[in-house]
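# Fold and contact review
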Amino acid sequence: MTGVQTCALPILIIIADSKLGKTVIGVEAKVNETFGNDTVGEYYLKSRLKLLNGEGTKADQRIEGLIKALFKAPVRAEVYSLMYQLLTAAAGTIAEAATQQANAAVFMVQTIDTHLSKEVEVQRNDVALDSFVSVISKGNCDRLEYGQIHGPVNIPGNDSYIQGSIPFFISKIKTKV
């Protein structure tokens, strides 16, 4: 990409020491909420419609940049069915790891389980995360269990802030409160 920012930071960034050295952990926490309203394909289509209708946007370029940085070619059509928020949060974690000159990046999804939790929302997020993990790992991991860390996942990266040379891991945890 040509200087277009293409990622967002997760809700919490933790800088930690691990066996790999300095590690950035990006935590996306959820309580009865989904990973946003749009899949990658829906968000991409909305941006293209804006362009067709004369509205200025670079969202299509950001999405294409994210896809190229996170998924090795050939890119599978399943990428467009993934939740857009997962791509931006994962990319934000990797970008922050580069900024922090970290040796590794971990994108962690935390499910906060309360007496108000709705199992249907938890399951919807589990399916969305499992789809993301399956596609980004090229099928090497189809289901992520709570407490599991998968990786490193090899990503291509880009020429600026999403560095493919940083080992990238994905995890999910559940916290009962």
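Details of the structure are given in the entry above.
The sections below set out a description of the structure shown in this document. Since the model is a prediction, treat every value here as computed from it, not as a measurement.

So, how was this worked out
- Residues numbered from 1 in each chain as written.
- Predicted model: local features only at pLDDT ≥ 70, side-chain atom pairs only at ≥ 80, totals over all residues.
- Heavy atoms only, no water.
- Axes fitted to C-alpha atoms, helices over the stretch in contact; angles between N-to-C directions.
- Helix = DSSP H or I, 4+ residues; strand = E, 2+ residues; numbered from the N terminus.
- Contact = heavy atoms within 4.5 Å.
- Buried < 20%, exposed > 50% of the residue type's maximum accessible area, 1.4 Å probe, protein only.
- Pairing = 2+ DSSP bridges.
- Core = buried A, V, L, I, M, F, W, Y, C linked by side-chain atoms within 4.5 Å.
- Salt bridge = Lys/Arg side-chain N within 4 Å of Asp/Glu carboxyl O.
- Polar contact = N/O pair within 3.5 Å; in protein donor to acceptor, adjacent residues only side chain to side chain.
- Patch = residues over 30% accessible without salt bridge, like charges linked within 9 Å, V, L, I, M, F, W, Y side chains within 5 Å.
- Areas by Shrake-Rupley, 256 points an atom, 1.4 Å probe, with all protein chains shown as cover.

Quick look at the packing of helix 1 (residues 40-52) against helix 2 (residues 59-70) now. Between two packed helices, both the angle of their axes relative to each other and the distance between the axes serve to describe the pair. For the pair helix 1 and helix 2, interaxial distance at closest approach is 8 Å and the crossing angle is 145°. In this structure, helix 1 uses Val40, Tyr43, Tyr44, Ser47, Arg48 and Leu51 to contact helix 2, whose residues at the interface are Ala59, Asp60, Arg62, Ile63, Glu64 and Ile67.

Here we come to the pairing of strand 2 (residues 21-30). Across the 10 residues that make up strand 2, a large majority, nine, are buried. Note: strand 1 (residues 12-18) against strand 2, seven bridges, orientation antiparallel. Across the sheet, the residue bridging to Ile14 is Ile25, located in strand 2. Taken together, strand 1 and the strand that follows it, strand 2, pair antiparallel across an intervening segment of two residues. Alignment of strand 2 against strand 3 (residues 104-113), held across eight bridges, turns out to be parallel. Bridging from a neighbouring strand, Gly26 pairs with Phe107 of strand 3.

Core analysis: the biggest nonpolar cluster contains 42 residues, and Phe71, Phe132, Phe168 and Ile170 have the highest contact counts within it. Each residue touching Ile170, except ones within four places of it in the same chain, is listed here: Phe107, Leu129, Phe132, Val133, Ile136, Leu144, Gln148, Ile149, His150 and Val153. Core analysis: the second largest hydrophobic core is formed by six residues, Ile25, Val27, Val106 and Phe169 among them.

Taken as a whole, this structure holds 10 salt bridges when the rule is applied. Between Glu33 and Lys30 there is a salt bridge, with its nearest N and O atoms 3.8 Å apart. For Glu33, a relative accessible area of 36% corresponds to the partly exposed category. Residue classification places Lys30 among the buried residues on the basis of a relative accessible area of 4%.

To continue, consider the sheet that holds strand 5 (residues 168-176). Taken in spatial order, the five strands make up an open sheet running 1-2-3-5-4, and their pairing is mixed. Each edge of the open sheet is held by one strand with a lone partner, namely strand 1 and strand 4 (149-153). The sheet shows a mean angle of 25° between the axes of neighbouring strands, direction not considered. Sheet contacts for helix 3 (residues 84-99): strand 1, strand 2, strand 3 and strand 5; angle to strand 3, the most-contacted strand, approximately 135°. Of the strands in this sheet, strand 2, strand 3, strand 4 and strand 5 touch helix 4 (residues 119-136), which is tilted by about 165° from strand 5.

Before going further, it helps to examine the environment of Tyr146. Here Tyr146 shows up in the loop between helix 4 and strand 4. Along the backbone, Tyr146 and Ser134 are 12 residues apart, and their C-alpha atoms lie at a distance of 16 Å. Here Tyr146 is in contact with Thr111, Val122, Asp126, Lys172, Ile173 and Lys174, once residues within four sequence places are set aside. Within the structure, Tyr146 has its side chain in polar contact with the side chain of Asp126 (distance 2.9 Å).

So, on to a nonpolar patch on the surface. A surface patch of nonpolar side chains, amounting to about 270 Å² of accessible area, comprises Ile11, Leu12 and Ile14. Tracing the chain through its elements places Ile14 in strand 1.

The next subject is the side chain of Ser47. Note that Ser47 resides in helix 1. A distance of 3.4 Å separates a polar atom in the side chain of Ser47 from the backbone nitrogen of Asp60. For Ser47, the residues in contact, after removing those within four places along its chain, are Thr57, Ala59, Asp60 and Ile63.

Interpretation in functional terms is not warranted from these geometric data alone.
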